[in-house]
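Structural description and commentary
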Amino acid sequence: AELIKSARRPVIFAGGGVILSKASDALTTLARKTQTPVTMSLMGLGAFPGSDPLSLGMIGMHGTYRANMSTAECDLLIGIGVRFDDRVTGKLAEFAKHAKIVHIDIDPTSIRKNVSVGIPVVGDCKRALEILNDLFDPDSIAHLATSREAWLGKIAASQYPQPVIV
């Protein structure tokens with residue numbers, strides 16, 4: 001929670017584990033509450049509303065430029081129910097190289113399997129997100145909209161165009 005509060009350029013990376021644990025509502029609450037953009041793996045598509053202004057679309061080799069560039073430039077990456085496979089990370093030494101990485105997953109063998117993780121959280125995605133959401137009272141996160149204004153502005157700018165939703 002403290003890393004989320006202090007990050008200037010955070011990104012949430014949601015995977016199939018969010019869907020399997022029925023944690024979409026908790027994910028959406030966290031993203032909106034903390035003004036954190038969300039990218040999704042192929043298996044995570046649908047975990048977060050694609051029409052939401054915080055949605056970056058899919059990440060990886062078949063993902064959006066917006067998702068990949070935001071992840072490359074983030075200072076905090078929160079992986080939730082993801083595997084960090086090579087179709088997402090590409091060259092590991094270059095993947096989110098400026099970011100502290102938090103990985104939430106129910107399978108302890110998935111954590112640190114492919115990427116170096118600063119904060120591992122082993123547990124059900126839904127429960128972990130509910131606990132995390134409870135740690136953010138309105139007073140403790142009032143500054144986030146202002147502190148993330150430049151980051152969200154850069155993402156919204158034409159440099160990172162929003163995917164067209166048909």
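Above: the structure in question.
Residues numbered from 1 in each chain as written. Predicted model: local features only at pLDDT ≥ 70, side-chain atom pairs only at ≥ 80, totals over all residues. Heavy atoms only, no water.

Here we look at the side chain of Ser 21
- With respect to the helices, strands and loops of the structure, Ser 21 is situated in the loop between helix 2 (16-20) and helix 3 (24-34).
- Polar side-chain contacts of Ser 21 include one of 3.4 Å to the backbone nitrogen of Lys 126.
- The residues contacting Ser 21, other than those within four sequence positions of it, are Asp 124, Cys 125 and Lys 126. (Helix = DSSP H or I, 4+ residues; strand = E, 2+ residues; numbered from the N terminus. Polar contact = N/O pair within 3.5 Å; in protein donor to acceptor, adjacent residues only side chain to side chain. Contact = heavy atoms within 4.5 Å.)

What about the packing of helix 3 against helix 6 (residues 125-134)?
- Packing of helix 3 against helix 6 leaves a shortest axis separation of 9 Å and a crossing angle of 30°. Judged by the inter-axis angle, helix 3 sits roughly parallel to helix 6. Pair helix 3 / helix 6 crosses with left-handed handedness. Residues Ala 26, Leu 27, Thr 29, Leu 30 and Lys 33 of helix 3 touch helix 6, and the partners they reach there are Leu 129, Glu 130, Leu 132 and Asn 133. (Axes fitted to C-alpha atoms, helices over the stretch in contact; angles between N-to-C directions. Parallel < 35°, antiparallel > 145°, perpendicular 65-115°, else oblique. Left-handed = near helix turned anticlockwise from the far one by under 90°.)

A closer look at the packing of aromatic side chains
- As enumerated under the stated definition, the model contains 2 aromatic pairs in all.
- The interplanar angle of 75° and the centroid separation of 5.4 Å between the aromatic rings of Phe 13 and Phe 84 together place this pair among those described as edge-to-face. On the criterion of sequence distance, the pair formed by Phe 13 in strand 1 (residues 10-14) and Phe 84 in the loop between strand 4 (76-80) and helix 5 (86-89) is long-range, its members being 71 residues apart. Accessibility classification places Phe 13 together with Phe 84 in one group, the buried group.
- When the centroid spacing of 6.0 Å and the interplanar angle of 75° are considered together, the rings of Phe 84 and Phe 95 count as edge-to-face. Taken together, the positions of Phe 84 in the loop between strand 4 and helix 5 and Phe 95 in the loop between helix 5 and strand 5 (100-105) put the pair 11 residues apart, joining distant regions of the chain. Here Phe 84 matches Phe 95 in class, with each residue buried.
- Taken together, the ring pairs connect Phe 13, Phe 84 and Phe 95 into an aromatic cluster. (Phe/Tyr/Trp six-rings, centres within 6.5 Å; stacked < 30°, edge-to-face > 60°. Buried < 20%, exposed > 50% of the residue type's maximum accessible area, 1.4 Å probe, protein only.)

Brief notes about the environment of Phe 84
- The buried category is assigned to Phe 84, whose relative accessible area is 2%.
- Each C-alpha atom of the pair Phe 84 and Arg 66 lies 18 Å from the other, and the pair is 18 residues apart in sequence.
- Contact partners of Phe 84, with chain neighbours within four places excluded, come to Phe 13, Leu 77, Gly 79, Thr 89, Phe 95, Ile 101, His 103, Asn 114 and Val 115.

Purely spatial values, then, with no claim about function.
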